[in-house]
Amino acid sequence: MGKINSKVTDSVNFFKGNKPSDLTAKFGSPLYVYNESILRERCRELKNLVDYKNFIVNYSAKANSNLAFLEIVNEEGLYVDAMSMGEIYVELKAGFKPEQIFFISNNISEEEMKFAIERNITLSVDSLSQLERYGMLNPGGKVAARFNSGVGAGHSEKVITGGKKTKFAINPEYIPEFKEILKKYDLKLMGINNHIGSLFMEADKYIEGVKATLEIAKQFDDLDFVDFGGGIGIPYEKLNDQPRFDLEDLSRQLGEVIDGFVKEYGKEITFKIEPGRYISAECCVLLGTVHAIKHNNVHKFVGTDIGFNVLQRPVMYDSHHDIEVYNDADDTEPVTVVGNICESGDILAKDRVLPVVSIGDTIGLLDAGAYGYSMASNYNNRLRPAEVLIRENGEAVLIREADELEDLTRHMISLKN
Ligand code: LLP
């Protein structure tokens, strides 16, 4: 008997006795599979990050906004952020109360602003012109605002949201004009927020952003909260023993900075963070099936059903996801793992050394729960996959059906009738 190549998932008992190939046989392939215990564990780690009574974790739902997933996050006592009416809609359905939702907007329409105002959802604007619009719609109301701390970090230019190049947030140099607009519309500034970017593996940049944000906060009297944003990374290279983010270090540094600020500001305001990836990435494995193997010039290609309509990250950002092969091969070889989309760029992993793969094998892309399904599309008129949750007792339950062919034309209007 050879070994099964499932080192990482075995180490955390990910499948809880469910065989990956049984799951795809039952629910279809590809398939997003979530582990409830790991999700709950991540929620708890961050909820207890700082020993300060007014500390709130707003899970950033853009990373994963499945309804059942959000219901678990809600049960764990986290709050949420939102980026759109759609996210608010599903968050309300998942049981979050309006006051537990923080709408961090970017370039939104009047309709979207009204949607939040009518539901009493705190909204953060990120430009003077949007503050002006908000003031006209809700004079005398409460509002929050996103400021650029000048600090940026992240795994790709595309996800760095602080510093000089970003479209996000208000530069602190505009604070005088900002205050004039607040006054003009009699608006109360409840809080300010910042987000430096996504996926960094050390606390230092984050803390730099926190400190710069708190300097901005000091320019406003009587804030209720300051939100430091998300971005805490996870180790995507577990097979290479990449170390985890040092949460203890973050906890210690954040605790110190918060204590110092509270003393100086003279008010025990609320502090929030907005992690998306840290909560959602590691509780998910994306299963797929190998349908073809071929040698073309320099590469040996392993052709799977995981196209970039299912998982965009490798194509969009050159992101690495570890791959497990659920067979018992002992030998390894370098292969290029690709999907089934009509673009040469549809590559999941280039020249990756994997256990020798055969047609029909089930593979697993690890850490796929953040920006996986939430960025999936119907490109090439392919059907988005189902999502399954492995409950704490090991039972695998469907939490989203796969698309069906009829879904593809559901909103299309034929000229023939
Ligand atoms: N808060 C704000 C305002 C954000 O824009 C984001 C992410 C977060 C919080 C959560 O960041 P996290 O903790 O998940 O890093 N699609 C990319 C990541 C885009 C991040 C967008 N904003 C990826 O797949 O890596």
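Residues numbered from 1 in each chain as written. Predicted model: local features only at pLDDT ≥ 70, side-chain atom pairs only at ≥ 80, totals over all residues. Heavy atoms only, no water.

Q: Give a description of the domain arrangement of the protein that names residues and reports values.
A: Splitting the protein by domain gives domain 1 (7–34 + 282–408) and domain 2 (36–279). Here domain 1 and domain 2 have C-alpha centroids that lie 31 Å from each other. Counting residues at the interface gives 29 residues for domain 1 and 29 residues for domain 2. The junction of domain 1 with domain 2 conceals about 2600 Å² of combined surface from both sides, 52% of it contributed by carbon and sulfur atoms. The interface formed by domain 1 and domain 2 contains 6 salt bridges. (Domains from an automatic or database assignment. Contact = heavy atoms within 4.5 Å. Buried area = accessible area lost by both parts, 1.4 Å probe. Salt bridge = Lys/Arg side-chain N within 4 Å of Asp/Glu carboxyl O.)

Q: Describe the site of the ligand, naming the residues involved and giving the relevant values.
A: Neighbouring the ligand are 19 residues, the closest being Ser198, Glu274, Arg313, Tyr317 and Tyr371. The side chain of Glu274 places a nitrogen or oxygen atom 2.4 Å from a nitrogen atom of the ligand. For the ligand, an oxygen atom lies 2.6 Å from a polar atom in the side chain of Tyr371. Considered on its own, the ligand offers 590 Å² of accessible surface; in the complex 93% of this is hidden by protein. Here the shell around the ligand is composed, by residue class, of 6 nonpolar, 7 polar and 6 charged. Taken together, domain 1 (7–34 + 282–408) and domain 2 (36–279) each give at least three residues to the shell around the ligand, which thus spans both. (Near = heavy atom within 4 Å. Polar contact = N/O pair within 3.5 Å; in protein donor to acceptor, adjacent residues only side chain to side chain. Areas by Shrake-Rupley, 256 points an atom, 1.4 Å probe, with all protein chains shown as cover. Nonpolar A, V, L, I, M, F, W, Y, C, P; charged D, E, K, R; others polar.)

Q: Account for the pairing of strand β13 (residues 332–338), naming residues and giving values.
A: Most of β13 is tucked away, with 5 of its 7 residues classed as buried. Relative to β13, strand β11 (residues 299–304) runs parallel, the two being bridged by 3 bridges. Directly across from Phe301, in β13, lies its bridge partner Thr336. (Buried < 20%, exposed > 50% of the residue type's maximum accessible area, 1.4 Å probe, protein only. Helix = DSSP H or I, 4+ residues; strand = E, 2+ residues; numbered from the N terminus. Pairing = 2+ DSSP bridges.)

Q: Give a detailed account of the sheet that holds strand β4 (residues 101–104), specifying residues and quantitative values.
A: Ordered by their spatial adjacency, 8 strands build a closed barrel running β2-β3-β4-β5-β6-β7-β8-β9, and the pairing between neighbours is parallel. For this sheet, the mean angle separating the axes of adjacent strands, direction not counted, is 30°. Here strand β6 (residues 142–146) pairs with strand β7 (residues 188–193) via 5 bridges, running parallel. Its bridge partner being in β7, Arg146 is matched across the sheet by Asn193. (Axes fitted to C-alpha atoms, helices over the stretch in contact; angles between N-to-C directions.)

Q: Describe in detail the packing of aromatic side chains, supporting the description with residues and values.
A: This model, assessed by the stated rule, comprises 16 aromatic pairs. Seen from their ring centres, Phe261 and Tyr265 are 4.9 Å apart, and the 20° between their planes marks the pair as stacked. Taken together, the residues Phe261 and Tyr265, both in helix α10 (residues 247–265) and 4 residues apart, mark about one turn of the helix. Across the pair, Tyr265 and Phe261 agree in class, each one buried. Three or more aromatic residues joined by ring pairs make a cluster, and in this case those are Tyr52, Phe228, Phe261, Tyr265 and Phe271. The ring of Phe115 has Arg119 lying over it, and the distance from NZ or CZ to the ring centre is 3.6 Å. Directly above the aromatic system of Phe220 lies the positively charged group of Lys179, at a separation of 5.2 Å from the ring centroid. (Phe/Tyr/Trp six-rings, centres within 6.5 Å; stacked < 30°, edge-to-face > 60°. Lys NZ or Arg CZ within 6 Å of the ring centre and 35° of its normal.)

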